[in-house]
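Spelled out from the first residue to the last, the chains are:
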Amino acid sequence: MKTKIITMFLFLAVSGCLQEMDIKLPNSGYSPKNTGDGLVLSTPELENINVTILGKVYSDFYDQNKYPTIRSLLVLKNGKLISEAYFKDEHDMTKPHALQSATKSITSILLGIAIDNGFISSAQATVKDFFPEYVNGEKGSITIAQLLSMSAGINFNDETDTEEMINQRANSIKYALSFNLKFTPGTGWLYCDGNNQVVSGIIAKATGMTLEDFGKKYLFDPLSITNYRWEKHRDNTTYGAVGLWLTPREMAKIGLMVLDKGVYNNQRIVSEEWLSISTSKQNPVKEYGFNWALFLNYGFYASGHGGQKIYVFPQNNLVIVTTADSFSDNGIFLKDIENIANIIREASVN
Amino acid sequence: MKKLIAIAFFCGSIVTTNGQDRQSNLSLGFNFGRIQIQETALNGLIHQGSIIIVNLSYDNQSQSGLSHSIELNFGTGSIRSDIEESKNSTFSNPQLRYSLTKSISPSISVGGYLSGEYLVINFENWDDSHKYWVTSYQLGPVLKLNNVPLNDFSIEFSFPILAFVSRSRNEITNKVDSGTFSDIWGLIHSNATTTSFIKYQSLYLQLRYTLFNSERINLDIRSKFKYVHSLIPGTKEFTSSIILIGLLFSYGIN
């Protein structure tokens with residue numbers, strides 16, 4: 001009798017086991033496809049990238065048991081797309097993807113374009129010049145440069161205050177500026193989303209266009225970037241820190257334009273001077289420019305939560321784009337993504 | 001094999017009840033077990049871990065063989081995938097279930113049930129901004145077998161033929177899901193749809209074996225198995241299974 005009962009329970013236990021499913025697509029290589037979107041194609045061999053090393057990186061990303069959140073990897077050398085793969089969904093090639101904080105780097109480019117076109121006098125313009133109603137005292141003297149370099153010192157905590165700003169607050173810019181200073185502006189490091197919400201507000205006030213509309217006219221249209229969206233707050237301010245969705249190929253176009261010192265398809269998009277400044281060290285204590293993270297002396301990158309990256313290595317004439325599950329913890333699942341970018345860089349022979 | 005035996009042991013439960021002839025019972029139960037969840041709206045990996053369910057139930061049986069049963073369950077626990085090494089995902093799983101059955105023979109009762117169940121999951125490592133959920137209100141048949149296939153052994157089986165279901169959204173945005181009750185309440189009822197067994201399969205099977213009984217106390221082994229498979233159009237597939245053991249204290253009212 002007991003045997004029958006145990007058998008019954010065993011049956012239940014076994015039938016309770018679900019079946020694992022693949023979370024990655026089968027390995028289909030990494031040859032780029034010609035989609036007519038303006039990107040020029042080539043091969044790793046023609047552009048002098050070590051195929052063995054590059055193939056190993058792609059193979060690891062296809063592996064079901066490694067890097068579970070990685071979605072795409074694109075490599076561009078000498079202005080040409082030499083490899084691309086989409087590991088979870090082939091539609092990722094044409095589907096906009098949340099850039100998370102990599103959005104900040106695009107906001108930085110647009111700020112530079114606003115200066116280039118005379119809408120804003122310089123990055124030394126202060127918050128008080130645009131929003132005197134929201135600031136006074138030392139906070140009023142915070143410059144755009146300090147906002148972009150995360151040295152403004154506004155004690156905005158992304159862990160809690162970004163959600164509060166997005167979900168609860170009626171006026172996002174007023175809220176972002178409502179916090180006390182943690183240190184004297186220009187003297188420290190405090191990374192926060194609030195800074196770029198203020199920058200978005202500044203661009204909107206200076207140009208008469210939302211950040212999204214300004215971006216469409218001066219950046220996206222010239223780069224033939226059409227398949228995007230940019231979320232905005234209920235107060236109609238485009239999010240400056242997060243909220244931009246681009247396809248990986250569109251991210252690559254931005255990387256190419258930055259690599260080419262502000263030029264895309266022989267058209268000047270943003271000044272070389274602005275890119276030079278914004279991709280060099282601007283924070284007094286961190287390797288950080290104007291919304292660009294820096295590799296000391298050899299490159300810089302846009303970086304978004306989860307693993308959304310646009311790596312630019314000027315000395316190697318190289319751009320690398322990665323996307324990953326946008327809301328995942330890249331500290332757990334993609335903790336060595338910077339190392340992987342450097343492995344590809346080192347595999348790139350000049 | 002050892003693993004299977006361990007799981008089988010886990011399937012067992014100890015149930016105590018006082019009295020065999022009472023018409024009404026009020027019971028408080030504590031159940032422990034194992035849960036597996038596969039949420040393809042997230043990534044399709046199997047997350048598994050422990051679940052604790054506290055349940056309060058009321059049963060009433062008339063002399064004509066008509067039986068009412070109301071059961072309130074609240075489950076919670078933590079799960080993780082094989083890939084994760086830290087920070088378990090957490091979930092809440094409240095359920096209210098009413099069943100009405102009629103004895104058609106000494107060993108067979110049939111009837112129907114009505115239930116409302118919520119499963120809300122925070123996959124903290126995979127998605128720190130959004131909640132994932134399965135909300136269902138179900139209507140379906142119940143079959144109860146007593147002394148089958150052995151004396152002192154009972155089986156209960158049910159499944160919904162109609163369900164009103166709300167599932168996690170397919171497309172997510174940067175809007176962070178708020179943790180306030182009112183916002184979560186709105187979220188877990190959003191985009192609800194009426195569906196049938198074809199698209200929403202929720203199978204429930206309970207095996208119960210009485211090891212010992214007396215005038216006052218029963219000692220039972222009980223195993224509950226629940227399997228949910230959601231294929232609601234416009235949402236991603238969801239599957240889960242739960243196996244429980246439990247300790248149930250019953251108080252006869254009449």
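What you see is a predicted model; the values in this text were computed from it and never measured.

Calculation rules
Residues numbered from 1 in each chain as written. Chains lettered and ligands numbered in written order. Predicted model: local features only at pLDDT ≥ 70, side-chain atom pairs only at ≥ 80, totals over all residues. Heavy atoms only, no water. Helix = DSSP H or I, 4+ residues; strand = E, 2+ residues; numbered from the N terminus. Buried < 20%, exposed > 50% of the residue type's maximum accessible area, 1.4 Å probe, protein only. Contact = heavy atoms within 4.5 Å. Rg over C-alpha atoms; globule rule 2.2 N^0.38 Å. Areas by Shrake-Rupley, 256 points an atom, 1.4 Å probe, with all protein chains shown as cover. Lys, Arg positive; Asp, Glu negative; His and termini not counted. Charge placed at Lys NZ, Arg CZ, Asp CG, Glu CD. Expected span 1.5 Å × (residues − 1). Salt bridge = Lys/Arg side-chain N within 4 Å of Asp/Glu carboxyl O. Phe/Tyr/Trp six-rings, centres within 6.5 Å; stacked < 30°, edge-to-face > 60°. Axes fitted to C-alpha atoms, helices over the stretch in contact; angles between N-to-C directions. Parallel < 35°, antiparallel > 145°, perpendicular 65-115°, else oblique. Nonpolar A, V, L, I, M, F, W, Y, C, P; charged D, E, K, R; others polar. Polar contact = N/O pair within 3.5 Å; in protein donor to acceptor, adjacent residues only side chain to side chain. Domains from an automatic or database assignment. Buried area = accessible area lost by both parts, 1.4 Å probe. Pairing = 2+ DSSP bridges. Core = buried A, V, L, I, M, F, W, Y, C linked by side-chain atoms within 4.5 Å.

Caption draft 1: Spatial organisation of the overall build of chain B. Looking only at helices and strands, chain B features two helices and 13 strands. The buried share of chain B, reckoned over its 254 residues, is 50%. A fraction of 65% describes how many contacts in chain B between residues 6 or more apart in sequence connect residues 24 or more apart.

Caption draft 2: Highlighting the overall build of chain A. Of regular secondary structure, chain A possesses 13 helices and 11 strands. Here chain A has a C-alpha radius of gyration of 22 Å; the compact-globule value for 350 residues is 20 Å, and the two agree. With respect to the three principal axes, the spread of C-alpha positions in chain A is 80 × 60 × 35 Å. Classification of the 350 residues of chain A by burial places 59% in the buried group. For chain A, restricting intrachain contacts to residue pairs at least 6 apart in sequence, the fraction spanning at least 24 positions comes to 67%. Looking at chain A as shown, the accessible area adds up to about 13,900 Å², and 48% of this sits on carbon and sulfur atoms. For chain A, the centre of its 32 positive side-chain charges and the centre of its 36 negative side-chain charges are spaced 2 Å apart.

Caption draft 3: The arrangement of helix α10 (residues 248–259) of chain A in detail. All names here are of chain A. Look at α10: 16 Å from first C-alpha to last across 12 residues, which is about the 16 Å you get at 1.5 Å a residue. When you tally the buried positions in α10, you get 12 out of 12 residues, the bulk of the element. When α10 is considered as a whole, its buried residues turn out to be P248, R249, E250, M251, A252, K253, I254, G255, L256, M257, V258 and L259. One or two positions beyond α10, positive phi appears at K261, with a value near 55 degrees.

Caption draft 4: Representation of the pattern of salt bridges in the model. All names here are of chain A. Within the structure shown, the criterion is met by 19 salt bridges over all chains. A salt bridge links D193 to K104; the nearest nitrogen and oxygen atoms lie 2.7 Å apart. Pair noted here: D193 is in helix α8 (residues 193–207) and K104 is in helix α3 (residues 103–116), with a separation of 89 residues, a long-range link. Take D193: its relative accessible area is 6%, and that puts it in the buried class. Between K216 and D221 there is a salt bridge, with the nearest N and O atoms lying 3.2 Å from each other. Within this structure, R71, K88, D92 and D325 form a network of salt bridges that share partners.

Caption draft 5: Fine view of the packing of aromatic side chains. Taken as a whole and assessed by the stated rule, the structure comprises 33 aromatic pairs over all chains. When the centroid spacing of 6.0 Å and the interplanar angle of 35 degrees are considered together, the rings of W189 of chain A and Y191 of chain A count as tilted. With 5.7 Å between their ring centres and 40 degrees between their planes, Y118 of chain B and W185 of chain B make a pair best called tilted. Here Y118 of chain B is found in strand β6 (residues 108–122), whereas its partner W185 of chain B is found in helix α2 (residues 181–187), with 67 residues between them in sequence. For Y118 of chain B, a relative accessible area of 12% translates into the label buried. In this structure W185 of chain B comes out as partly exposed when scored by relative accessible area, which is 42%. An aromatic cluster of three or more residues is present, and its members are Y30, Y58, F61, Y62, Y67 and F87 of chain A.

Caption draft 6: Molecular detail of the packing of helix α2 (residues 51–62) of chain A against helix α13 (residues 337–346) of chain A. Residue and element names in this part refer to chain A. As a packed pair, α2 and α13 sit with axes 9 Å apart at the nearest point and diverge in direction by 150 degrees. In terms of axis orientation, α2 runs roughly antiparallel to α13. Facing α2, whose interface residues are I53, L54, V57 and F61, α13 presents I337, I340, I343 and I344. Partitioning the contact of α2 with α13 into residue classes produces eight nonpolar, no polar and no charged.

Caption draft 7: Layout of the packing of α3 of chain A against helix α9 (residues 211–220) of chain A. Residue and element names in this part refer to chain A. One way to put it is that α3 packs onto α9 with a least axis distance of 10 Å and a crossing angle of 75 degrees. When the axes of α3 and α9 are compared, the pair comes out roughly perpendicular. Judged by residue contacts, I106, T107, I109, L110, I113 and A114 of α3 engage L211, F214, G215, Y218, L219 and F220 from α9. Residue composition of the contact of α3 with α9, grouped by class: 10 nonpolar, two polar and no charged.

Caption draft 8: Main features of the side chain of S168 of chain B. All names here are of chain B. Here S168 shows up in the loop between β9 (162–167) and α2. There is a polar contact of 3.4 Å between the side chain of S168 and the side chain of E39. A distance of 2.7 Å separates the side chain of S168 from the backbone nitrogen of W133, its partner in a polar contact. Aside from chain neighbours lying at most four places away, what touches S168 is E39, A41, Y132, W133 and T235.

Caption draft 9: Just the domain arrangement of chain A, in detail. Residues and elements named next belong to chain A. On domain assignment, one finds that chain A holds domain 1 (22–91 + 327–350) and domain 2 (97–304). Each of domain 1 and domain 2 has a C-alpha centre, and these two points are 28 Å apart. Of the roughly 1,300 Å² buried between domain 1 and domain 2, counting both surfaces, carbon and sulfur atoms make up 60%. Connecting domain 1 to domain 2 are two salt bridges. Put simply, R249 and D37 hold a salt bridge, and the shortest N to O gap is 3.0 Å.

Caption draft 10: Expanded view of the sheet that holds strand β8 (residues 293–295) of chain A. Residue and element names in this part refer to chain A. Spatially, six strands are ordered β2-β1-β11-β10-β9-β8 in an open sheet, and the strand pairing comes out antiparallel. Only two strands of the sheet have a single partner each, and these edge strands are β2 (80–86) and β8. Each adjacent strand pair in this sheet contributes to an overall mean axis angle of 15 degrees, direction not counted. Against the sheet, α10 contacts β1 (70–77), β2, β9 (299–304), β10 (308–313) and β11 (318–324), and its axis sits at roughly 150 degrees relative to β11.

Caption draft 11: Region of the structure containing the nonpolar core. All names here are of chain A. Grouped together as the largest cluster of nonpolar side chains are 75 residues, with contacts concentrated most on I109, I120, L219, F220 and I254. Looking at which domains feed residues into this core, each of domain 1 (22–91 + 327–350) and domain 2 (97–304) supplies at least three. Apart from the residues within four sequence positions on either side, I120 is in contact with L111, A114, I115, A125, F130, I144, I202, I203 and A206. Core analysis: the second largest hydrophobic core is formed by 30 residues, Y67, L318, I320 and I337 among them.

Caption draft 12: Representation of the sheet that holds strand β4 (residues 229–230) of chain A. Strand order in the open sheet formed by three strands is β3-β5-β4 (chain A), and the pairing between neighbours is antiparallel. Looking at strand neighbours, the two that pair on one side only are β3 (97–98) and β4 of chain A, the edges of this open sheet.

Caption draft 13: A look at the pairing of β9 of chain A. Residue and element names in this part refer to chain A. Judged by how many residues are buried, β9 sits mostly within the fold: five of six residues are covered. Taken together, the three bridges between β8 and β9 define a ladder with antiparallel strand orientation. Across the sheet, A293 pairs through a bridge with Y301, a residue of β9. If you look at the hairpin formed by β8 and β9, you'll find three residues sitting between the two strands, and N297 has a positive phi there, around 75 degrees. Two elements, β9 and β10, share five bridges in a ladder whose sense is antiparallel.

Caption draft 14: Representation of α2 of chain A in the model. Residue and element names in this part refer to chain A. An ideal rise of 1.5 Å per residue puts 16 Å on 12 residues; α2 measures up with 16 Å between its terminal C-alpha atoms. Turning to α2, its buried residues number three or more, namely L54, V57, Y58, D60, F61 and Y62. One side-chain oxygen at the N-terminal end of α2 lies 2.9 Å from the backbone nitrogen of T52; it belongs to N50.

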